[in-house]
Amino acid sequence: MGCDGGTIPKRHELVKGPKKVEKVDKDAELVAQWNYCTLSQEILRRPIVACELGRLYNKDAIIEFLLDKSSEKALGKAASHIKSIKNVTELRLSDNPAWEGDKGNTKGDKHDDLQRARFICPVVGLEMNGRHRFCFLRCCGCVFSERALKEIKTEVCHTCGAAFQEDDVIVLNGTKEDVETLKRRMEGRRLRAKLGKKTKKPKVAESLSKSDVSEEAPGPSKMKTGKPEETSLDSQEKKTTSAPRSAAAHGSSSGKAGKPPCGAMKRSIADSGESEAYKSLFTTHSSAKRSKEESAHWVTHTSYCF
């Protein structure tokens, strides 16, 4: 079978050995990380944002991802930890004056220098091409090289002057260990935010209840501020006036239940000295009474029967 024409096969053509591991070109990997969006794989263009894990994105791509979270997108896993636009920070990048881009490449035969970068560190002047470690501040979004933060140790941003803590420093495109530490920080930060929201709700309810109670209770200005002698005299007068009232009430209760107290007899409206127009409003007035001809028979059940 085969070997016609005097062909002699070699061993590597007949025996298949283990596949060689394909090595990724480091330069190509750095270009992909620092010049292209992690989500859309397009060239980075302003506005550029970074997540809490230190990955670079185009802001337009993040907004489209948040609006349309379809499971068909394979690249959605790279941004699965981004739940809202608040989880990313817009970066303040410093342009590299030596960067020309595609200005001189009119014929397409210009050599692309991979060491050149679009952005630099505003403090030290290192180019952000992946050869040096860069980081950004989550509080303000300013980007610096790690060397600048180590050489100039301050608790204030070098460009905008905003105060920051160690937790606000996030490494851009760090190693696996850096990503793991940033992930732990992110989870702890979000957990604290959730607990803070839960504790705020009962506090707000307590403050509202306290405000209602303070409105109902009289203030110090409304309380009586008289002298102690005057207050004692007023209390004695109240006791003396309340005594005959209680005696009258006791006497009335000891009497028959059917008889009303003196002076409480019902008085007819007709005997009062009111005007005729006022008396005509009541059914006891002569104008309200009907004759037998006007009143209906009891079988009809009309409302004219009084």
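See the structure printed just above.
Calculation rules
Residues numbered from 1 in each chain as written. Predicted model: local features only at pLDDT ≥ 70, side-chain atom pairs only at ≥ 80, totals over all residues. Heavy atoms only, no water. Phe/Tyr/Trp six-rings, centres within 6.5 Å; stacked < 30°, edge-to-face > 60°. Helix = DSSP H or I, 4+ residues; strand = E, 2+ residues; numbered from the N terminus. Buried < 20%, exposed > 50% of the residue type's maximum accessible area, 1.4 Å probe, protein only. Pairing = 2+ DSSP bridges. Polar contact = N/O pair within 3.5 Å; in protein donor to acceptor, adjacent residues only side chain to side chain. Contact = heavy atoms within 4.5 Å.

**Q** Looking at this structure, how should I read the packing of aromatic side chains?
**A** Geometrically, a pair of aromatic rings is defined through the distance of the ring centres and the angle of the planes. Going through the model one piece at a time under the given rule, you end up with 1 aromatic pair. Between tryptophan 34 and phenylalanine 134, the ring centres sit 6.4 Å apart and the planes meet at 70°, which makes this aromatic pair edge-to-face. Residue tryptophan 34 is located in helix α2 (residues 26-35), and its partner phenylalanine 134 is located in strand β6 (residues 134-137); the two are separated by 100 residues in the primary sequence. Of the residues examined, phenylalanine 134 reaches a relative accessible area of 1% and is grouped as buried.

**Q** Can you help me understand the sheet that holds strand β1 (residues 48-50) in this one?
**A** Each strand in a sheet pairs with another by means of backbone hydrogen bonds, the pair being arranged parallel or else antiparallel. On the basis of which strands lie adjacent, the open sheet formed by 3 strands has the order β2-β1-β3 and antiparallel pairing. The two strands at the open ends of the sheet, each matched to only one other strand, are β2 (56-58) and β3 (89-90). Where β1 and β3 come together, 2 bridges link them in antiparallel fashion. Bridge pairing in β3 places valine 49 opposite glutamate 90.

**Q** I tried to follow the side chain of asparagine 173 on my own but got confused; where do I start?
**A** Mapped onto the secondary structure, asparagine 173 falls in the loop between β8 (169-171) and α5 (176-216). Side-chain polar atoms of asparagine 173 contact the backbone oxygen of glutamine 33, separated by 3.3 Å. Not counting residues up to four positions away in its chain, the partners in contact with asparagine 173 are Gln33, Trp34, Gly54, Arg55 and Leu56.

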